[in-house]
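Coordinate inspection notes
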Amino acid sequence: MTTATTESVETLDAGAPLAAPVISLRDVSFYYGAFRAVRDISFDVPTHRITAIIGPSGCGKSTLLRTINRMNDLIPGTRVEGKILFHEEDLYASYVDPVEVRRRIGMVFQKPNPFPKSIYDNVAFGPRLNGFRGDLDGLVEQSLRRAAIWNEVKDKLKQSGLSLSGGQQQRLCIARAIATDPEVILMDEPCSALDPRATLQIEQLMAEIKERYTIVIVTHNMQQAARASDRTIFLNMADDRAGHVVEEGETLQMFTNPRQQLTEDYVSGRFG
Amino acid sequence: MSASTTSINAGGRSVRRQGRDVRGLVFAGALLLALLFSLAVLAVLVGTQLAQGLPVFAERGLDFLTSDLSSNPADAGVAQGIVGTALLMVIVALVAFPVGIMTAIYLEEYSGDNRLARFIEINVRNLAGVPSVVYGILGLTVFVGLFAALGDSNGKTIVTGGLTLAVLVLPLVIITSAEAIRAVPEALIEGGFGLGASRWQVVRELILPAAAPGILTGTVLALSRAIGETAPLILVGAVLGSFSTGGSIGDLAGGPYTALPMIVFDWARKPQQDFRALTSAAIIVLLALTLVANAFAVILRNRFDRKW
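Residues numbered from 1 in each chain as written. Chains lettered and ligands numbered in written order. Predicted model: local features only at pLDDT ≥ 70, side-chain atom pairs only at ≥ 80, totals over all residues.

Description of the overall build of chain B
- Along chain B, the regular secondary structure elements total twelve helices and zero strands.
- For chain B, the succession of helices and strands along the chain, N to C, is α-α-α-α-α-α-α-α-α-α-α-α.
- For 308 residues, the compact-globule estimate of 2.2 N^0.38 gives 19 Å, and chain B exceeds it by more than 25% at 26 Å.
- Taking the principal axes of its C-alpha atoms as reference, chain B extends roughly 90 × 60 × 35 Å. (Helix = DSSP H or I, 4+ residues; strand = E, 2+ residues; numbered from the N terminus. Rg over C-alpha atoms; globule rule 2.2 N^0.38 Å.)

Focus on the environment of Pro209 of chain B
- Summarising the element assignment, Pro209 of chain B is placed in helix 8 (residues 199-228).
- Distance in space between the C-alpha atoms of Pro209 of chain B and Phe304 of chain B is 7.9 Å, their sequence separation being 95 residues.

Thoughts on the interface of chain B and chain A
- Facing the 16 residues of chain B at the interface are 22 residues of chain A.
- Broken down by secondary-structure element, the contributors of at least two residues to the side of chain B that touches chain A are helix 7 (186-194) and helix 8 of chain B.
- Here the side of chain B that touches chain A gets six residues from one element, more than from any other, and that element is helix 7 of chain B.
- Broken down by class, the residue content of the side of chain B that touches chain A amounts to eight nonpolar, six polar and two charged. (Contact = placed C-beta atoms within 7 Å. Nonpolar A, V, L, I, M, F, W, Y, C, P; charged D, E, K, R; others polar.)

Focus on the packing of helix 4 (residues 136-146) of chain A against helix 6 (residues 166-179) of chain A
Residue and element names in this part refer to chain A.
- Here helix 4 crosses helix 6 at 130°, and the two axes come no closer than 8 Å. On the basis of their axis angle, the class for helix 4 and helix 6 is oblique. Considering the relative orientation of helix 4 and helix 6, their crossing is right-handed. Counted together, Leu139, Val140, Ser143, Leu144 and Arg146 of helix 4 and Ala175, Ile178 and Ala179 of helix 6 form the full contact between these two elements. (Axes fitted to C-alpha atoms, helices over the stretch in contact; angles between N-to-C directions. Parallel < 35°, antiparallel > 145°, perpendicular 65-115°, else oblique. Left-handed = near helix turned anticlockwise from the far one by under 90°.)

Topic: helix 4 of chain A
All names here are of chain A.
- Among all positions in helix 4, only Val140, Ser143 and Leu144 are buried. The buried residues of helix 4 occupy an angular sector of 95° when projected down its axis, which confines them to one face.
- Buried residues along helix 4 sit against helix 3 (119-129), helix 5 (150-153) and helix 6.
- After helix 4 finishes, the residue Ala148 shows a positive phi value of roughly 55°. (Buried ≥ 20, exposed ≤ 12 C-beta atoms within 10 Å, placed from the backbone. Arc of directions from axis to C-beta.)

Some words on the confidence of the model for chain B
Residue and element names in this part refer to chain B.
- Averaged over every residue, the pLDDT of chain B is 86; residues scoring 70 or more account for 91%.
- Of all the helices and strands in chain B, helix 10 (residues 249-254) carries the lowest mean pLDDT, 66, while helix 7 carries the highest, 94.
- Among the prediction metrics, the complex's ipTM stands at 0.88, with pTM recorded as 0.82. (pLDDT = per-residue confidence, 0-100.)

Topic: the nonpolar core
- Core analysis: the biggest nonpolar cluster contains 143 residues, and Val169 and Ala282 of chain B have the highest contact counts within it.
- With 16 residues, the top contributor of residues to this core is helix 6 (residues 158-182) of chain B. (Core = buried A, V, L, I, M, F, W, Y, C linked by C-beta atoms within 7 Å.)

What to know about unusual backbone geometry
Residues and elements named next belong to chain A.
- Phi is positive for His48, close to 55°, though the residue is something other than glycine.
- Unusually for a residue other than glycine, Glu189 sits at a positive phi of about 45°.
- On the neighbour-count criterion, Glu189 (19 C-beta atoms within 10 Å) is partly exposed.

Take a look at the structure:
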């Protein structure tokens, strides 16, 4: 593992320059067959920060997110152009194993999708795949604690993950992602199926775990991006319906003092 | 437009029922009639067989189940048929289930969504509709020929019969398994891949457990169909009429064999009146076997389902 060398305390300050990107996108375009869903996307994902991708429906936010851990490989007839670098290594190089990529870059989905297994087995799923040798009970507990759900489930670890409420299910899915010890966690509209209270819990959780993980979140909820993220990337689509970056920057600046008129219109709710 | 701004009663329209929904009632009645018709046919069928067949059991008890075939109605029993049918089922299960389920997994999860895969799937569906007698001819030319060439006296053994039935139900197993696999929610599969599971791990840990109840239902349907088949067995050499069976496994595998539907077919053609009752009794045994197989599947499926 080649950790970026320039990582230091200063980079954690809001407003500090992007010294240590974990992931860098360079002119990324993505195609479903002949249709180009996103075009020429370039941005950096700084380490231990929360990066939000916002934009109107259908602009390719989720598609873009799913290229980062190669989930789109599963859809036949799709194609990536450009480079996605993970610690300077091209994720789409022929020698890269997409399965290994997904272990290092975890994902939480729009709709909570716990497996039809016990709460314990849900969290232990990833480690078991990796042939985890060690204190599995301890790892499960630690993951559930980090996902801020331990106290709610510690007495019913053998119960089905599906018996939990929606918000709990999503935190279980976060615990499940954490258990494989990823560096980056991608979240694809993780709160869109949750009520406001559960949403707030997830946002607090994100703020807590960003010390350990780098988070990229796609959200259609601008308040969420404003509340929960450090950096914001605003995608929009032009007449070709391909999403592209309109503006990116520190979240505070994006929401209070955007450089582009289009960004201002979007964050103030005038379209989208 | 103006009506929408006033109360619904103001325009003279009341919420009270305005006459009866005659067409709706007629439709519901027709549905009920269709249901009753099917039930009546089934009831008559089972009723007459029970009426004719049960006296045989009352008179001879277990003797009917443990006796060999005979031209004398008073001695004739279905033991050889039960053994034959049971062995055929074992062969079908051993051959058709693994091959069929693996084919389904390949078609759904590995082949990708290309023209060839779709072409194959359509043809598998067509195969499921091919009359069983055609499979009999297939079994005769392929399996009987193959085993005869390999030096097995004439190749007409229970193994060739079982293989023929296995090929016959294979499309059914493939189709139902493929449908069960396709019904596994995409979110579940993505969740697995998102955690860094390989395709094989996703299939083994998530898809197969989730599809198991559906696959099981399909395999039992296939087995039930195989239990009742007569035509292909006639072609690949199951015996009509009585024969003597050796006791050992080798004799069973290499010697003459028969199956319950063959016995039913044979006895039903016999001129003696006494065989009428025996035919019905054999049918009852056949139905009972089918019911047992189905019940077994339901229990298994509930166990899979109940887990979560």
